[in-house]
Amino acid sequence: KGSDHPQIGDIPEMDLSAIEAVDLEGDKQLALENNYTLQVNKRKLENAKDGDNQEKLKKTIASNERQIQLSVNNAWQSLQTAKRSYEQAVSQKALEEQNLNLSAQKWNAGMITQYEYESAQIAAETKAIAVRTALLELVEALETYRWNVNGLASAE
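Cut-off values and rules
- Residues numbered from 1 in each chain as written.
- Predicted model: local features only at pLDDT ≥ 70, side-chain atom pairs only at ≥ 80, totals over all residues.
- Heavy atoms only, no water.
- Helix = DSSP H or I, 4+ residues; strand = E, 2+ residues; numbered from the N terminus.
- Buried < 20%, exposed > 50% of the residue type's maximum accessible area, 1.4 Å probe, protein only.
- Polar contact = N/O pair within 3.5 Å; in protein donor to acceptor, adjacent residues only side chain to side chain.
- Contact = heavy atoms within 4.5 Å.
- Phe/Tyr/Trp six-rings, centres within 6.5 Å; stacked < 30°, edge-to-face > 60°.
- Salt bridge = Lys/Arg side-chain N within 4 Å of Asp/Glu carboxyl O.
- Axes fitted to C-alpha atoms, helices over the stretch in contact; angles between N-to-C directions.
- Parallel < 35°, antiparallel > 145°, perpendicular 65-115°, else oblique.
- Nonpolar A, V, L, I, M, F, W, Y, C, P; charged D, E, K, R; others polar.
- pLDDT = per-residue confidence, 0-100.
- Expected span 1.5 Å × (residues − 1).

1. A few points about the side chain of Asn64
With respect to the secondary-structure elements, Asn64 resides in helix H4 (residues 51–108). Of the residues examined, Asn64 reaches a relative accessible area of 2% and is grouped as buried. Within polar-contact distance, the side chain of Asn64 engages the backbone oxygen of Ala155 at 2.7 Å. Setting aside residues no more than four positions away along its own chain, Asn64 makes contact with Thr37, Leu38, Asn41, Ala155 and Glu156.

Shown next, in the form of structure tokens:
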């Protein structure tokens, strides 16, 4: 039942092994089998009676196949880029957390000012937000890749 109050949940946890398990060549084949535009054009070719129309459809189908494979490959590259960005954000967050712990020790020992300590806290919070943003981009890239494989790759 519909509602005008959307439910906004947390970003799902990402299992990076799912990305590592991607079989690009196999997925390109699946994308060709699943693509709606390509299937329609193949059906049109089966039903075409005119030789000129058949030749035009054969060229269209060949173009569709190239474009689908290109779309899947581009989605895969975007997925790999998003994965690297996420991993980098996680590393930077861990480093900033270490800096925050060190700043806390220095502040407790009276070696730095409260401003310096609060700056370290803000830096750590900023890196935590960067991880969430990178995770969201990674989830989006994975879903886009899956959509391409499951029939929505651009065929034109």
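Right, picking up where we left off after that structure.
2. So, the packing of aromatic side chains
Taken as a whole and assessed by the stated rule, the structure comprises one aromatic pair. With a centroid separation of 4.9 Å and an interplanar angle of 0°, the aromatic rings of Trp107 and Tyr117 are classed as stacked. Of this pair, Trp107 sits in helix H4 while Tyr117 sits in helix H5 (residues 114–152), placing them 10 residues apart in sequence. A relative accessible area of 34% means that Trp107 is categorised as partly exposed. Of the residues examined, Tyr117 reaches a relative accessible area of 16% and is grouped as buried.

3. A closer look at the pattern of salt bridges
One side chain can pair with another of opposite charge once the charged atoms of both are near each other. One pass over the full model with this rule turns up seven salt bridges. Here Glu25 and Lys28 are joined by a salt bridge, their closest N and O atoms 3.6 Å apart. Here the residue Glu25 and the residue Lys28 both occupy positions in helix H2 (residues 24–34), the gap between them amounting to three residues, near one helical turn. Residue classification places Lys28 among the buried positions, given a relative accessible area of 14%. Put simply, Glu55 and Lys58 hold a salt bridge, and the shortest N to O gap is 3.8 Å. Of the two residues, Glu55 and Lys58 both sit in helix H4, three residues apart, roughly one turn of that helix. The partly exposed category is assigned to Glu55, whose relative accessible area is 43%. Salt bridges sharing partners connect three or more residues here, namely Glu20, Lys83 and Glu87.

4. Topic: the packing of H2 against H5
As a packed pair, H2 and H5 sit with axes 7 Å apart at the nearest point and diverge in direction by 45°. The angle between H2 and H5 falls in the class oblique. In this structure, H2 contributes Leu24, Asp27, Leu30, Ala31 and Asn34 to the contact, and H5 contributes Tyr145, Asn148, Val149, Asn150 and Gly151. Taken together, the residues of the contact of H2 with H5 sort by class into five nonpolar, four polar and one charged.

5. Quick word on the confidence of the model for the chain
For the chain, the mean per-residue pLDDT works out to 94, and 99% of the residues sit at or above 70. Here helix H1 (residues 16–20) is the element of the chain with the lowest mean pLDDT, 90, and H4 is the one with the highest, 97.

6. Here we look at H4
Taking 1.5 Å per residue, 58 residues should reach 86 Å; H4 reaches 85 Å between its end C-alpha atoms and fits that length. Within two residues after H4, Gly110 carries a phi angle of roughly 80°, on the positive side.

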